[in-house]
Amino acid sequence: MRGNQTVVCRCEEVTLEELLKTIQTFKCSSRELKLRTRAGMGVCGGRTCRASLDHLISQKEGKNPTDSIPLKYQPPIRPITFKNLGDI
Amino acid sequence: MNKRIVNHPILDTLTNKKDISFSFNGKNHKAVEGDTIASALLANGVRTLRYHEESGNPRGVYCNIGHCFECRVKVGNSEIVRACLTPVEEGMKIDSLTQYPTPLKGGLRHD
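Predicted model, so just to flag it, every value in this text is computed and none were measured. (Residues numbered from 1 in each chain as written. Chains lettered and ligands numbered in written order. Predicted model: local features only at pLDDT ≥ 70, side-chain atom pairs only at ≥ 80, totals over all residues. Heavy atoms only, no water.)

Caption draft 1: Layout of the interface of chain A and chain B. The interface is formed by ten residues belonging to chain A together with twelve residues belonging to chain B. Overall, the association of chain A and chain B removes approximately 950 Å² of surface from exposure, summing both partners, and the carbon and sulfur fraction of that is 51%. Looking at the side of chain A facing chain B, the largest losses of area belong to Arg10, Glu13 and Val43 of chain A, adding up to 52% of the total buried there. Across the chain A-chain B interface, the total number found is two salt bridges. Across the chain A-chain B interface, the total number found is five residue pairs in polar contact (both at pLDDT 80 or more). In terms of residue class, the side of chain A that touches chain B is made up of four nonpolar, one polar and five charged. (Contact = heavy atoms within 4.5 Å. Buried area = accessible area lost by both parts, 1.4 Å probe. Salt bridge = Lys/Arg side-chain N within 4 Å of Asp/Glu carboxyl O. Polar contact = N/O pair within 3.5 Å; in protein donor to acceptor, adjacent residues only side chain to side chain. Nonpolar A, V, L, I, M, F, W, Y, C, P; charged D, E, K, R; others polar.)

In structure tokens form, the structure reads like this:
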């Protein structure tokens, strides 16, 4: 496969290499990783990459997966146009 | 260029249904009633449904069950829908989403 160049977050095109570098330099939690790299903030709302981000962090932190705080499910649960939101 | 599978070893031959014509990026295509936009375009050999708003990379169908939003297309002049979930209608005008200009970053110039 493409090794570290594998795209983890398709919506924001964040590669595994970027994620690993961010984790390595900042020793961050999954939430901070999301804030720093935008991985998980795309249109799909993290459906594609949330699990991999959490797994990546729990792997790096060496804890078993249930200890590290997982990423939240941010509203809106599905993309909504301003037209529908504001009902203009 | 019709890539529709008409004879299938398990599903047998396709029952002929009503033809539907629609346009994608200004080009006219034929589809069968009951097709989604994604399957209709795939049958016409079109796999690139949109371009990434930041990098301009071509994107197409990924999950095909409405989760990943990779197949979003513009229908009519302002409605953005998921191609894999939206059935094709007669005379539908579909356009793909393209890369956004980044004038402040000296990027793509859209005059």
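Caption draft 2: Representation of the confidence of the model for chain B within the structure. Across chain B, pLDDT averages 90, with 95% of residues at or above 70. For this predicted complex, the interface score ipTM comes out at 0.79, alongside a pTM of 0.83. (pLDDT = per-residue confidence, 0-100.)

Caption draft 3: Spotlight on unusual backbone geometry. All names here are of chain A. The omega angle of the peptide bond from Pro75 to Pro76 is -5 degrees, so this bond is cis rather than trans. Note on placement: Pro76 falls in the loop between helix H3 (50-61) and helix H4 (82-86). Backbone geometry at Lys27 places phi at a positive 50 degrees, although glycine is not the residue there. The backbone of Arg38 shows a phi angle near 70 degrees, a positive value even though the residue is not glycine. Tracing the sequence through the fold places Arg38 in the loop between helix H2 (30-37) and H3. (Helix = DSSP H or I, 4+ residues; strand = E, 2+ residues; numbered from the N terminus.)

Caption draft 4: Expanded view of the packing of helix H1 (residues 16-26) of chain A against H2 of chain A. Residues and elements named next belong to chain A. One can describe the packing of H1 onto H2 by two numbers: an axis separation of 10 Å at closest approach and a directional angle of 120 degrees. Viewed along their axes, H1 and H2 adopt a mutual orientation that is oblique. In the packing of H1 onto H2, the handedness of the crossing is right-handed. Two secondary-structure elements touch here, H1 through Leu19, Thr22, Ile23 and Phe26 and H2 through Glu32, Leu33, Arg36 and Thr37. In terms of residue class, the contact of H1 with H2 is made up of four nonpolar, two polar and two charged. (Axes fitted to C-alpha atoms, helices over the stretch in contact; angles between N-to-C directions. Parallel < 35°, antiparallel > 145°, perpendicular 65-115°, else oblique. Left-handed = near helix turned anticlockwise from the far one by under 90°.)

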